[in-house]
Structures are given as structure tokens and as C-alpha cells.
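Given next are the chains, with one letter for each unit.
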Amino acid sequence: MHDRFLSRDARNMVPSAIRRFAKLINDPNIISFAGGVPSPETFPAERIADIAAKVVRERRNVALQYGPTRGLPRLCEFIAARTGASADQVLVTTGSQQALDLIAHTLLDPGDVVLVELPTYIGGTASFHARSATLAGVEQDDDGIVPASLEDVARRVKPKLLYTIPNFQNPSGRLMTQARRDEVLRIARELDFLIIEDDPYGELVYVDGADTTPMRTRDVDERVIYLGSFSKVLAPGLRCGFVVAPPSLASRIEIAKQAADLCSGMLDQSIVDELCAAGELDPQIQKVRAFYRGKRGVLIGELEKHFANLARWTPADGGLFTFVTLNADVDTAPLVEEAVKHGVAFIPGGPFFVDGSGRNTMRLTFAKEPDERIREGMAKLATVVARAN
Ligand SMILES: Cc1ncc(COP(=O)(O)O)c(C=O)c1O
């Protein structure tokens, strides 16, 4: 009955194709590689509790009050210093997901074209769909975006924006090389489009020598809008992310944010601000890295043990995921049901590809399960995959 009242944008919104797997992720009987969330074991819960109590009692005029739309000034300055930006480029957002939505609202008219990686983060495509944008896929290989594909697609579709996740991408786990990043910047300059550089995983590095330097540091003509997040290094429930944008765009995004929520949660920001100001962010990042490094090693070891003749996978040198590619004629979507019958779950890769490809891929996270269950689950998954291959 209400359909006829819906806006055009609402009609174009696409529900998450992976949130429906939430049941599987939370069923304790199923060993889950399907999650997309950080492990609660990494959350500095005691410190958050202490700081929350302190700021609520002692700084209620800040922590419980409306605040500036741009964010808590000291936190903005911390982010500016850490990213090598100036404070007028920074906006704190309600997670980087809100940044994606605000940027889409600020830049996109219906029908504008956004280039996305094949595969890409579903929350990104959701924000662009929600503004009735048209999406076009750009190929990736193990070094990141393939420049020839980017150039070819961009010449054809004349995009306004490229959305990229160069550091340990969700879902592919890939790290884009610096040479590729330079190519991406060159093509954006030549063909005149903007770049959203989404970087929630850049701090989660498990190997030596991984170069995660953002493209933004070489952005000579104000094309790059950089997104960061405290979700993966502190806790996603704090809903604290940020944008670093060219100043003229930052002010536009600020106006969109005024309409969206006046300001992000001040209690959340106060907690993050206190932790950062006390110098606790870097030690916390070290702890988080150590926690995932071991698990990632177990999962990759099991892939080598069971999947050597069945699949290819990305090394997951950082982030939360490895992406597995099976024989071209295997469809992983119906395999989920089969896997669940065997007590194990994964996310099929198809929904991450805007061009309908990738049906023979799957995303696995090592974040959720203890080492022993990772071993047990991978053996079960190998049985299911071997039958389908
Ligand atoms: C690539 C990417 N961008 C953005 C987000 C959203 O993160 P948040 O809104 O918690 O900062 C996620 C969450 O998983 C993600 O994987």
C-alpha cells in the first residue's frame, strides 16, 4: 500500500545480500567464516568502561551535550595530525559508513556513474544505490585495480567517482601496490573524476614490509576523499569514523551532516578522544594485530593443507578476510546450504561483484573462531568444496 509513496531513491535502495547470513554467523553450532565483524576479544572494554564513567561524570557538558557537526575539536586535531592533514579537512562521522552516505548525498545525482572494484564492499554500493547512482565495475588482480580496465571503463562511462579500498580490501583482502595507486591517480587526473579512498583496515597489518601508504598522501590536485575508522582498531559500536577531504568538499559534507544528525554521538567521540589523547591508540593497534596475526596464520595454513588443488586465495597480509576462488563452473551460493549442513558457514562472493561475476568465489574471515575451530571448520569446508569441484 505504501509503495506508491516511496521516493525514487528508496525504490533504488538494495538490501544487504550478506546481512541475511547473520543467523549463520551467530549460531554457536556452526563454525563461521562468514562474519564481517571484528572480534569482541579485541575491544578494550575495561578502558572504555572507565573512560565512559569518567567523561559522563566529569564532562557532561561535552559528553552528553550536542557538539560541533565537524566533531570534537581535539579528536579532529588528533586525526589531522595522524593523517598529515589540516583540521579544516577533517570531519568525524558516525562510522565511515555515514561518510559514504554523506559523500554520496553531496556528490551524486540520479544516473551519475560510480566506478567500484570487482569485487567491492556492499555497504559502499548500498550508499551509491541509495542515491540512484549507476555502478560500473573495474577489474582487480593481485596488485589491485587493473589500470587498463579502469581507463577503458572510465572512458566509456564517464564516472564522477571511483570508490576504492586499497588496503586489505573487503572482501578480497588485497593490498594495492603503490605503483597501481599512482596509476589510479594519473587516470583520475586525466579523465577528471574524484576518488573515495576507504581505509578501515590499513592499521591491521600482519606481515613486514606491507606498504599501506594512502593515495591521499600523493593527491596533488584535491581529488581524493579519504575515509578512516576506529571500528576495527577500537570497537565498531562506538560508531566513530572520519573523512579527510579537500577543504571545499569538507564544508559541503559538513552541511549534509547537519541535516543528517547535527553531530555524531558525543559520548562515543569523547571515549575515542580520551583514548587517543592518552596515547593508547598505538599500543591497542599492536594488540589487535597480534590477535589476528595468529588466527590469519592458522586459516592460511589450513587453506594450504586442504585447498591446494581446489582453489586459489589471497594472502590476507592484513585486514579480516581472505578471498577464495574455486573452479570457474562452481557456484558458491547453493554451496552455503550444503556447508551449513556440515556445520560450517562462509559468505558466497557473488554479491560483492556489481557485474554478476564472481559466482565461484567466497569470502572467509579468520576473525571469529578460535584456532581449533578454524582447523575443524576448514576440514569440513574442504569436504564440501571437493564434492562440488
Ligand atoms: C570497506 C569498509 N568500509 C566501511 C565500513 C564501515 O565501517 P564503520 O562504519 O564501522 O566505520 C566497513 C565495515 O565493515 C568496511 O568493510
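Described in the following lines is the structure provided in the data block. (Residues numbered from 1 in each chain as written. Predicted model: local features only at pLDDT ≥ 70, side-chain atom pairs only at ≥ 80, totals over all residues. Heavy atoms only, no water.)

Some points on the sheet that holds strand E14 (residues 361-365)
Spatially, 4 strands are ordered E10-E11-E14-E13 in an open sheet, and the strand pairing comes out antiparallel. The sheet is open, and its two edges are formed by strand E10 (312-313) and strand E13 (347-348), each paired on a single side. Two elements, strand E11 (residues 321-325) and E14, share 5 bridges in a ladder whose sense is antiparallel. Pairing of Phe-323 across the sheet is with Arg-363, part of E14. (Pairing = 2+ DSSP bridges. Helix = DSSP H or I, 4+ residues; strand = E, 2+ residues; numbered from the N terminus.)

Observations regarding helix H5 (residues 73-83)
When we look at burial in H5, the residues that qualify are Leu-75, Cys-76, Ile-79, Ala-80 and Thr-83. Buried residues in H5, looked at end-on, bunch into an arc of 140 degrees, giving them a common side. Along H5, the residues that are exposed and aim more than 90 degrees away from the buried face are Glu-77 and Ala-81. Trailing H5 by a residue or two, Gly-84 shows a phi angle of about 70 degrees, which is positive. (Buried < 20%, exposed > 50% of the residue type's maximum accessible area, 1.4 Å probe, protein only. Arc of directions from axis to C-beta.)

A short note on the sheet that holds strand E6 (residues 161-164)
Two strands in a sheet stick together by hydrogen bonds in their backbones, pointing the same way (parallel) or opposite ways (antiparallel). Pairing is mixed in the open sheet, where 8 strands are placed in the order E2-E9-E8-E7-E6-E3-E4-E5. Each edge of the open sheet carries a strand with a single partner, namely strand E2 (90-93) and strand E5 (144-145). As paired strands, E6 and strand E7 (residues 194-198) are joined by 4 bridges and run parallel to one another. Pairing of Tyr-163 across the sheet is with Ile-196, part of E7. Across the sheet, H5 touches E2, strand E8 (224-229) and strand E9 (241-244), and the angle it forms with E2 is around 120 degrees. (Contact = heavy atoms within 4.5 Å. Axes fitted to C-alpha atoms, helices over the stretch in contact; angles between N-to-C directions.)

A closer look at the side chain of Ser-127
Inspection of the secondary structure assignment puts Ser-127 in helix H7 (residues 122-129). Look at Ser-127 and you get buried, because its relative accessible area is 5%. In terms of polar contacts, Ser-127 uses its side chain to reach the side chain of Gln-97, at 3.2 Å. (Polar contact = N/O pair within 3.5 Å; in protein donor to acceptor, adjacent residues only side chain to side chain.)

Digging into the site of the ligand
Contacts to the ligand come from 14 residues, most closely from Ser-96, Asp-198, Tyr-201, Ser-229 and Ser-231. Between the ligand and the protein, one listed contact pairs an oxygen atom with a side-chain N or O atom of Ser-231 at 2.6 Å. Between the ligand and Arg-239, the relevant distance is 2.8 Å, taken from an oxygen atom to a side-chain nitrogen or oxygen of the residue. Contact with the protein chains removes 93% of the 400 Å² of surface that the ligand exposes when unbound. Here the shell around the ligand takes 3 residues from helix H6 (residues 95-107), the largest share from any one element. When the residues that make up the shell around the ligand are grouped by side-chain class, the tally is 5 nonpolar, 6 polar and 3 charged. (Near = heavy atom within 4 Å. Areas by Shrake-Rupley, 256 points an atom, 1.4 Å probe, with all protein chains shown as cover. Nonpolar A, V, L, I, M, F, W, Y, C, P; charged D, E, K, R; others polar.)

These results come straight from atomic positions and should not be treated as a statement about function.
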